[in-house]
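Here are the chains, one letter per residue:
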Number of protein chains: 2
Amino acid sequence: MGPGVVAHLVRLGVLSSTSDHASVVSINLFVTLLCACIVLGHLLEENRWVNESITALIIGLCTGVVILLTTKGKSSHILVFSEDFFFIYLLPPIIFNAGFQVKKKQFFRNFMTITLFGAVGTMISFFTISAGAIAIFSRMNIGTLDVGDFLAIGAIFSATDSVCTLQVLNQDETPLLYSLVFGEGVVNDATSVVLFNALQNFDLNKIDVAVVLKFLGNFCYLFLTSTFLGVFSGLLSAYIIKKLYIGRHSTDREVALMMLMAYLSYMLAELSDLSGILTVFFCGIVMSHYTWHNVTESSRVTTKHAFATLSFISETFLFLYVGMDALDIEKWKFASDSPGKSIGISSILLGLVLVGRAAFVFPLSFLSNLTKKEPSEKITWRQQIVIWWAGLMRGAVSIALAYNQFTRFRHTQLHGNAIMITSTITVVLFSTMVFGMMTKPLIRLLLPASSHTVHSEPSSPKSLHSPLLTSMQGSDLETASHSHIVRPSSLRMLLSKPTHTVHYYWRKFDNALMRPMFGGRGFVPFSPGSPTEQSVHGGR
Amino acid sequence: MGPGVVAHLVRLGVLSSTSDHASVVSINLFVTLLCACIVLGHLLEENRWVNESITALIIGLCTGVVILLTTKGKSSHILVFSEDFFFIYLLPPIIFNAGFQVKKKQFFRNFMTITLFGAVGTMISFFTISAGAIAIFSRMNIGTLDVGDFLAIGAIFSATDSVCTLQVLNQDETPLLYSLVFGEGVVNDATSVVLFNALQNFDLNKIDVAVVLKFLGNFCYLFLTSTFLGVFSGLLSAYIIKKLYIGRHSTDREVALMMLMAYLSYMLAELSDLSGILTVFFCGIVMSHYTWHNVTESSRVTTKHAFATLSFISETFLFLYVGMDALDIEKWKFASDSPGKSIGISSILLGLVLVGRAAFVFPLSFLSNLTKKEPSEKITWRQQIVIWWAGLMRGAVSIALAYNQFTRFRHTQLHGNAIMITSTITVVLFSTMVFGMMTKPLIRLLLPASSHTVHSEPSSPKSLHSPLLTSMQGSDLETASHSHIVRPSSLRMLLSKPTHTVHYYWRKFDNALMRPMFGGRGFVPFSPGSPTEQSVHGGR
């Protein structure tokens, strides 16, 4: 596509930005850019510095520059960053797929640590950043920002970018770190959004113990109900697909039902003002544990890859979108009036993010290590640094929350609001690009032997079993071997390890009650005429 | 979901129909209804009268009634039928999947007949209906309708509903009829849209030979360029995926690239004012012939089912949408003033549809039979009736075109326009429900032995080969056996049958030039380290 065509497209897009033709133009542009990102991401796969997110961000930024030049500085983006678009369409597939593909055993084994990091850690980060913002920004002349704004800044910059983290860490090379950082990221996303929403509903002028307690109660309520809704939707889908043998007539109906039920769980949570992120994450976990085993073989392959693809497209789209939106002229007007102050605020925020994360990663790792007896299970000093570093990136959740706080009721024309928006964009771009680029080299530096030590773990050789469903069945084979064959030595282990005891009773409960009812590995009837294998012929 | 909840949802949706909350509510409602349609459709699968489209239509109508009652007659729909939404998001996956899953051999073997029916037949139908409308409606007192409107009515009611047709006929039971009716449906959709667009651009006050010739030239240009664009996009995707070994690093990237390239072809066609339907249909055919063979095994399963699922969801959504929209109060105000006239117009239109289709199915079948020598290849009298009947249904394309013609510039407040909209809805509902319900029994009545005779055809036994990729590989196995093993007796056959000769030279060209370049069955290198099988392990 030559520059002339782009200029033409852009002119059309900008001049008639409300008409239908403009939306056709922008869809064309976005789809073309997405294809470019995929091809470039593939070509740069072997590169140790650049990952897909950074590629998409850079392509987005470049497109923004081209648009800026062709419109002679009038505009830099085709679509305005829409918070609703982000929360309604882009985020659900990403988080659902995260839950669907997560290695459940690792996740639940480290469940306590993950919750500690994700919930308590985010709280610590929130208080640190808020306190820092109040202490520093209130002395600077930024404009009319009140306590609510400062607390919101704390919530906005506590949201790590789990999407970008996923691309930097590798589930097979560093499984412990991956499950910790990623699990934390999901819980953290939810915590930040819940915190942010809780802040909007509270009167912040009189803060006392009662308000804080009510706040915590509200938080716990949201956390539990959201999780429950996700688990319920997942189980419902498993039950329907198992009972009605949906696959008997059509594979497509199974896949469609799984997709729609997952999305419905998210939207129902949003409708009830719960945390859709948590809901859809747990729905994903339950679906991969029960529903996925009830469907036909081809549905299994399809869902595994289709969900991953949808998530992949959403992620790439997101980074493109953030990159293109970053150069919006209107927002930068105020920042360009006082460039020194703008850079100062961004640097202070970056510093607060670094400190806020350090303030919980190291103490909580210490606490977590205290509960573990075997040295192999402890989080080493080097791993702590990687956990600290890998969670420093800020992403689209931060931007969406910042837009919500600083543009919804009052316009960006207000000095303070405009500066906070541009600072958020600066922090997101800087942290994603600079911190993100340095993560892979840092991991190689700190954990040079990681890829070797892990490949000798019992989980890996199994990934050579089935060529088609490797990572998913691999992880299930593990779980199955653990659950069905209770080895003699494990009794002593169970007594010494509380998490394992919980896990053991859960297994018993799962095998005795849940699997016979909702299906799951080894509990789907393979009788002749059952949906599992024959129906593939039928089609629709 | 109890009625109380529905009422609550509806009230929220109606009172604040522009806010974000309303969109969350309507998404929840739609997704819930979609799930209900899937489960009900599954339960009614064995029923000989009802198919999935009719289920969705009825659920949509019922929801419309519930909404109408709960809002006390103020409104009956949550989302307004948006023509752009239909053409930009719902139609592309349906048509692409149609091209992707079509049995290419049957399609190309009957290519001449299909084109004859789809292009020439639609023209005949268009002229018949337009002439009938001019003759009858201009004598009735309907309001201000001019020649352009009457010609538009011809184009609107020439668009058969290929989606509904697909659900009534079965590709395995009646392959000839399926490929004829379905292939005709796709070409017909394209023809109607092209006709309709061509009508918008012409000055209809002075019709002479030059205008008609220019019109036909325009039509051929659109037809050829649209096809070319589709073929080009498909080949480009095949070339990129083959050359770059995209599957080496990630299966998801292949699937994403196929999806995005297909969508891009449609949107580019729309941007260039070509027929996106034709483009994306041929893109689907080319992708299933070349690209699909270049991707990894799991990508093949995924694309096959994911595209079918997306198409299935779009179809169901579409019928729900049409059902819910059918009860829009505002449009029925005028119709209820003069119910007799409204019913009269709808009946006349239904009659014109019946006559218009008969006017080309029987003569063109006769023509087509003249070119065929073997009696087994001729279209029998009974088959002609089925072809005539199965294409009588009118669907969302008609509604979208009617909205475009009668609401865009002038409001539905105008008497004539309002009546045309309600008549279109009536015709669509009546033809889909009544004609649709009668199709399955009619086929059983007219072609009682069809399922037996066809199962003894050479193509069917092959569908037992591979449990996973039956219908797709089945059709390719056929093609392969035809192309590679040129049997001695086929030389004489080629001389007597021109279509077969074309097919033979195409095969030669395909094997010598196209497949080595763009991949395809048997032409993907299986060397060690190639993308085809190993990369499945990698994941992303």
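Residues numbered from 1 in each chain as written. Chains lettered and ligands numbered in written order. Predicted model: local features only at pLDDT ≥ 70, side-chain atom pairs only at ≥ 80, totals over all residues. Heavy atoms only, no water.

Trainee: Kindly report on the overall build of chain A, identifying the contributing residues and their values.
Mentor: Helix and strand counts for chain A come out as 22 helices and 0 strands. The 540 residues of chain A split such that 59% are buried. A sequence separation of at least 24 residues applies to 82% of the contacts in chain A between residues at least 6 apart. Of the accessible surface of chain A, which amounts to about 21600 Å², a share of 68% is contributed by carbon and sulfur atoms. (Helix = DSSP H or I, 4+ residues; strand = E, 2+ residues; numbered from the N terminus. Buried < 20%, exposed > 50% of the residue type's maximum accessible area, 1.4 Å probe, protein only. Contact = heavy atoms within 4.5 Å. Areas by Shrake-Rupley, 256 points an atom, 1.4 Å probe, with all protein chains shown as cover.)

Trainee: Got a sec to walk through helix 16 (residues 381-390) of chain B? Specific residues and values, please.
Mentor: The element helix 16 of chain B is largely enclosed, with a buried count of 7 among its 10 residues. Turning to helix 16 of chain B, its buried residues are Gln383, Gln384, Val386, Ile387, Trp388, Trp389 and Ala390 of chain B.

Trainee: Can you explain a nonpolar patch on the surface? Please cite residues and give values.
Mentor: All names here are of chain A. Taken together, Val209, Val212, Leu213 and Leu216 make up a surface patch of nonpolar side chains, about 360 Å² in accessible area. Examined against the element boundaries, valine 209 turns out to sit in helix 10 (residues 209-244). Judged by its relative accessible area of 61%, valine 209 is exposed. (Patch = residues over 30% accessible without salt bridge, like charges linked within 9 Å, V, L, I, M, F, W, Y side chains within 5 Å. Salt bridge = Lys/Arg side-chain N within 4 Å of Asp/Glu carboxyl O.)

Trainee: Mind laying out the interface of chain A and chain B, listing which residues take part and the relevant values?
Mentor: On the chain B side, the residues contacting the 65 residues of chain A number 65 residues. Summing both partners gives a buried area of about 5700 Å² for chain A against chain B, and 70% of it is carried by carbon and sulfur. Applying the counting rule to chain A against chain B returns 8 residue pairs in polar contact (both at pLDDT 80 or more). Only helix 2 (20-43), helix 4 (83-101), helix 10, helix 11 (251-271) and helix 13 (297-325) of chain A provide two or more residues apiece to the side of chain A that touches chain B. By residue number, the principal contributor to the side of chain A that touches chain B is helix 2 of chain A, which donates 16 residues. (Buried area = accessible area lost by both parts, 1.4 Å probe. Polar contact = N/O pair within 3.5 Å; in protein donor to acceptor, adjacent residues only side chain to side chain.)

Trainee: Account for the packing of aromatic side chains, naming residues and giving values.
Mentor: According to the stated counting rule, one finds 38 aromatic pairs over all chains in the structure shown. Arranged with centres 5.0 Å apart and planes meeting at 55°, the rings of tryptophan 389 of chain B and phenylalanine 435 of chain B form a pair that is tilted. With tryptophan 389 of chain B in helix 16 and phenylalanine 435 of chain B in helix 18 (residues 415-446), this pair connects stretches of sequence that are 46 residues apart. Exposure class is identical for tryptophan 389 of chain B and phenylalanine 435 of chain B. Each is buried. Consider the rings of tryptophan 506 of chain B and phenylalanine 509 of chain B, whose centres lie 5.9 Å apart with planes at 50°: the pair is tilted. Of the two residues, tryptophan 506 of chain B and phenylalanine 509 of chain B are both situated in helix 22 (residues 498-518); the distance of 3 residues between them amounts to about one turn of the helix. By relative accessible area, tryptophan 506 of chain B is classed as partly exposed at 31%. Connected via pairs of aromatic rings, a cluster forms that spans Phe362, Trp381, Trp388, Trp389, Phe430 and Phe435 of chain A. The side chain of arginine 300 of chain A reaches across the aromatic face of tryptophan 292 of chain A, ending 5.9 Å from its centre. (Phe/Tyr/Trp six-rings, centres within 6.5 Å; stacked < 30°, edge-to-face > 60°. Lys NZ or Arg CZ within 6 Å of the ring centre and 35° of its normal.)

Trainee: Provide a residue-level description of the packing of helix 13 of chain A against helix 11 (residues 251-271) of chain B, including the pertinent values.
Mentor: Where helix 13 of chain A meets helix 11 of chain B, the closest approach of the two axes is 9 Å, and the angle between their N-to-C directions is 70°. In terms of axis orientation, helix 13 of chain A runs roughly perpendicular to helix 11 of chain B. At the point where helix 13 of chain A passes helix 11 of chain B, the crossing takes the right-handed sense. Side by side, helix 13 of chain A and helix 11 of chain B meet where His305, Ala308, Thr309, Phe312 and Ile313 of chain A of the first sit next to Thr251, Asp252, Arg253, Val255, Ala256, Met259 and Leu260 of chain B of the second. For the contact of helix 13 of chain A with helix 11 of chain B, a count of residues per class yields 7 nonpolar, 3 polar and 2 charged. (Axes fitted to C-alpha atoms, helices over the stretch in contact; angles between N-to-C directions. Parallel < 35°, antiparallel > 145°, perpendicular 65-115°, else oblique. Left-handed = near helix turned anticlockwise from the far one by under 90°. Nonpolar A, V, L, I, M, F, W, Y, C, P; charged D, E, K, R; others polar.)

Trainee: Summarise the confidence of the model for chain A; cite the residues concerned and give the values.
Mentor: For any part of a model where pLDDT is low, the fine detail of the predicted coordinates should not be relied upon. Residues and elements named next belong to chain A. Here chain A shows a mean pLDDT of 75. Residues at 70 or above account for 76%. Here helix 1 (residues 3-15) stands out as the element of chain A with the lowest mean pLDDT, 35, in contrast to helix 11, whose mean of 91 is the highest. Confidence over residues 450-488 falls short of pLDDT 50; this stretch has 58 contacts with residues more than four positions distant or in other chains. Note that residues 525-540 has pLDDT below 50 and, in this model, 37 contacts with residues that lie over four places away or in other chains. The ipTM value of the predicted complex is 0.79, and its pTM value is 0.80. (pLDDT = per-residue confidence, 0-100.)

Trainee: Just give me the short version of the packing of helix 10 of chain A against helix 12 (residues 276-294) of chain A, but keep the residues and values in it.
Mentor: All names here are of chain A. Interhelical geometry of helix 10 versus helix 12 gives an angle of 25° and a closest axis separation of 7 Å. Relative to helix 12, helix 10 is oriented roughly parallel. The chirality of how helix 10 crosses helix 12 is right-handed. The class makeup of the residues in the contact of helix 10 with helix 12 is 12 nonpolar, 9 polar and 1 charged.

Trainee: I'd like a description of the environment of aspartate 189 of chain B, backed by residues and values.
Mentor: Residue and element names in this part refer to chain B. For aspartate 189, the location among the structural elements is in helix 9 (residues 175-200). Classification of aspartate 189 by relative accessible area gives buried; the value is 2%. The spatial distance from the C-alpha of aspartate 189 to the C-alpha of leucine 278 is 8.5 Å, given a sequence separation of 89 residues. Apart from residues no more than four positions distant in its own chain, aspartate 189 is found in contact with Ile95, Thr160, Ser162, Ile277 and Val397.

Trainee: Which residues make up the side chain of serine 288 of chain B, and what are the values?
Mentor: As for its placement among the helices and strands, serine 288 of chain B is situated in helix 12 (residues 276-294). For serine 288 of chain B, a relative accessible area of 1% gives the class buried.

Trainee: Go over the state of the cysteines with me, naming the residues and quoting the values.
Mentor: Think of a disulfide as a covalent bridge from one cysteine sulfur atom to another cysteine sulfur atom. Under the definition given, this model contains 0 disulfides over all chains. Free cysteine cysteine 35 of chain A: the closest other cysteine sulfur is in cysteine 37 of chain A, separated by 9.3 Å. On the accessibility criterion, cysteine 35 of chain A (8% relative accessible area) is buried. Not part of a disulfide, cysteine 283 of chain B finds its nearest cysteine sulfur in cysteine 35 of chain A, a span of 11 Å. (Disulfide = S-S within 2.5 Å.)

Trainee: Please set out the relation of the copies chain A and chain B residue by residue, giving values where relevant.
Mentor: Expressed as a screw transformation, the operator carrying chain A onto chain B has a rotation angle of 180° and an axial translation of 0.0 Å, and the superposed copies differ by an RMSD of 0.0 Å. Interpreted geometrically, this transformation is the action of a two-fold axis. Across chain A, the rotation axis passes nearest the C-alpha of threonine 302 of chain A, at a separation of 2.1 Å. When the interface residues of chain A are mapped onto chain B, 98% of them again fall at the interface, so both copies present the same face. (Least-squares fit on C-alpha atoms with pLDDT ≥ 70 in both.)

Trainee: Can you tell me about the pattern of salt bridges, naming the residues and giving the values?
Mentor: Summed over all chains, the structure comprises 8 salt bridges over all chains. Residue glutamate 184 of chain A pairs with arginine 357 of chain A through a salt bridge whose shortest N-O separation is 2.9 Å. Taken together, the positions of glutamate 184 of chain A in helix 9 (residues 175-201) and arginine 357 of chain A in helix 15 (residues 339-371) put the pair 173 residues apart, joining distant regions of the chain. Of the two residues, glutamate 184 of chain A and arginine 357 of chain A, neither departs from the other in class, the shared state being buried. A salt bridge links arginine 507 of chain B to aspartate 510 of chain B; the nearest nitrogen and oxygen atoms lie 3.4 Å apart. Here arginine 507 of chain B pairs with aspartate 510 of chain B, and both are found in helix 22, just 3 residues apart, close to one helical turn. The same class applies to arginine 507 of chain B and to aspartate 510 of chain B, which are both buried.

Trainee: Can you explain helix 17 (residues 396-407) of chain B? Please cite residues and give values.
Mentor: All names here are of chain B. A rise of 1.5 Å per residue sets the reference length of helix 17, with its 12 residues, at 16 Å; its end C-alpha atoms lie 16 Å apart and thus fit the reference within 8%. Extensive coverage of helix 17 is indicated by the burial of 11 of its 12 residues. Taken residue by residue, helix 17 has Ala396, Val397, Ser398, Ile399, Ala400, Leu401, Ala402, Tyr403, Asn404, Gln405 and Phe406 as its buried positions. (Expected span 1.5 Å × (residues − 1).)

Trainee: Could you give me a rundown of the environment of serine 82 of chain B, with the residues and numbers involved?
Mentor: Residue and element names in this part refer to chain B. Mapping serine 82 onto the fold places it in the loop between helix 3 (52-70) and helix 4 (83-101). By relative accessible area, serine 82 is classed as partly exposed at 28%. Serine 82 sits 49 residues away from alanine 131 along the chain, and the two C-alpha atoms are 29 Å apart.

Trainee: Outline the environment of threonine 191 of chain B, listing residues and values.
Mentor: Relative to the elements of secondary structure, threonine 191 of chain B occurs in helix 9. Among all residues touching threonine 191 of chain B, those that are not within four sequence positions of it are Gly118, Ala119, Thr122, Phe219 and Phe223 of chain B.

Trainee: Pulling in residues and values, what's your account of unusual backbone geometry?
Mentor: All names here are of chain A. At aspartate 273, a position not held by glycine, the phi torsion is positive, near 60°. Within the secondary structure, aspartate 273 sits in the loop between helix 11 and helix 12. When its relative accessible area of 61% is taken as the criterion, aspartate 273 is described as exposed.

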